[in-house]
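Chain residues, written in single-letter form:
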Amino acid sequence: MKLPLTAILSIAAPAAALAGPASDAVKFFYVPQVKFEADAHYRDRFTAPVTKLFDLNDQATKKNPDQVACIDFDPGLDAQDFDQKTLSKTLKLSETVDGDTAQVVANFSLFPEGGDDSQREMHWSLKKVDGKWKISDIASKTSDWTLSQLECMAGQDPE
């Protein structure tokens, strides 16, 4: 029996799509308005190891409410400042699904000027938990960091 090439490719390679359910889990944090990933209201949308960092961030904030905690920027933006209209207009999501894991790549501009320092490429790692896509990590390809690798020394005084 001879299989069509598309059938062979769909068996041999993980499914790739422009957008889908995994992308929807990421899109939530960008539009219609940007949401701060570390906000306790969104904790159920994440899994370890990121939830551990968020918990340490909460502890640091509680211990020293007048100081910036561990996460002093928006991880999904790799920035503190942005223009929502530009971000919404330029946001492009693509996903690759492999069983119960997925990678969603978000590309966008922070500002209308759109220079190189305004461009972002964010890689979101997701796991399917109880039938729902949850975020397990976020990485900035623009600035070369991964959220789960950030250190947070909650409960300790700065040296």
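Structure: see above.
Owing to the predicted nature of the structure, the values given are computational and were not obtained by experimental measurement.

Asker: Any chance you could explain helix H3 (residues 50-63) here in plain terms?
Answerer: An α-helix turns once per 3.6 residues; consequently, residues spaced three or four apart project the same way. Under the 1.5 Å per step criterion, the end-to-end length of H3 is 20 Å for 14 residues, consistent within 8% with the ideal 20 Å. Taken as a whole, H3 has its buried residues at Val-50, Thr-51, Leu-53, Phe-54, Asn-57 and Ala-60. The inward-facing, buried residues of H3 contact strand E5 (132-140).

Asker: Would you explain the side chain of Glu-95 in this entry?
Answerer: Looking at where Glu-95 falls in the secondary structure, it is placed in strand E2 (residues 92-98). No salt bridge is formed by the buried Glu-95, whose closest oppositely charged neighbour, Lys-128, lies at an N-O distance of 8.8 Å. At a separation of 3.5 Å, a polar atom in the side chain of Glu-95 contacts the main-chain amide nitrogen of Ala-22. A distance of 2.7 Å separates a polar side-chain atom of Glu-95 from the backbone nitrogen of Ser-23.

Asker: Would you mind going over the nonpolar core with me for this structure?
Answerer: Here is a general trend for soluble globular proteins: nonpolar side chains tend to be buried in one another's company. Formed by 33 residues in total, the largest nonpolar core has its most connected members in Tyr-30, Phe-108, Trp-124 and Leu-126. At 4 residues, the largest contribution of residues to this core is made by strand E3 (residues 101-109).

Asker: How should the side chain of Asp-74 be read in this particular structure?
Answerer: Checked against the element boundaries, Asp-74 lands in the loop between H3 and helix H4 (84-90). Lacking a salt bridge, the buried Asp-74 has Arg-120 as its closest oppositely charged neighbour, with an N-O distance of 9.6 Å. Residues contacting Asp-74, with those up to four places away along its chain left out, are Val-34, Lys-35, Phe-36, Glu-37 and Ala-79.

Asker: Whenever I open this one, the environment of Val-34 confuses me. Can you help?
Answerer: Its location among the elements puts Val-34 in the loop between helix H2 (21-27) and H3. Val-34 sits in the buried class, given a relative accessible area of 17%. Through-space distance from the C-alpha of Val-34 to that of Gly-76 is 8.7 Å; in sequence the pair is 42 residues apart. Excluding its chain neighbours within four sequence positions, the residues that come into contact with Val-34 are Phe-29, Asp-74, Leu-77, Phe-82, Gln-84 and Leu-87.

Asker: For this particular structure, what's the right way to read the pattern of salt bridges?
Answerer: For the coordinates displayed, the defined rule picks out 3 salt bridges. One salt bridge connects Arg-43 with Asp-58, and the closest N-O pair in it is separated by 2.8 Å. Of this pair, Arg-43 sits in the loop between H2 and H3 while Asp-58 sits in helix H3, and the two are 15 residues apart along the sequence. Taking the relative accessible area as the measure of exposure, Asp-58 reaches 29% and is therefore partly exposed. Across the pair Arg-120 and Asp-78 runs a salt bridge whose closest N-O atoms are separated by 3.8 Å. One end of the pair, Arg-120, is in strand E4 (residues 119-129); the other, Asp-78, is in the loop between H3 and H4, and 42 residues separate them in sequence. For the residue pair Arg-120 and Asp-78, the accessibility class agrees, reading buried in each case. Salt bridges here are not isolated pairs; linked through shared partners, they connect Arg-43, Asp-55 and Asp-58.

Each value, and the rule that gives it
Residues numbered from 1 in each chain as written. Predicted model: local features only at pLDDT ≥ 70, side-chain atom pairs only at ≥ 80, totals over all residues. Heavy atoms only, no water. Helix = DSSP H or I, 4+ residues; strand = E, 2+ residues; numbered from the N terminus. Expected span 1.5 Å × (residues − 1). Buried < 20%, exposed > 50% of the residue type's maximum accessible area, 1.4 Å probe, protein only. Contact = heavy atoms within 4.5 Å. Lys, Arg positive; Asp, Glu negative; His and termini not counted. Salt bridge = Lys/Arg side-chain N within 4 Å of Asp/Glu carboxyl O. Polar contact = N/O pair within 3.5 Å; in protein donor to acceptor, adjacent residues only side chain to side chain. Core = buried A, V, L, I, M, F, W, Y, C linked by side-chain atoms within 4.5 Å.

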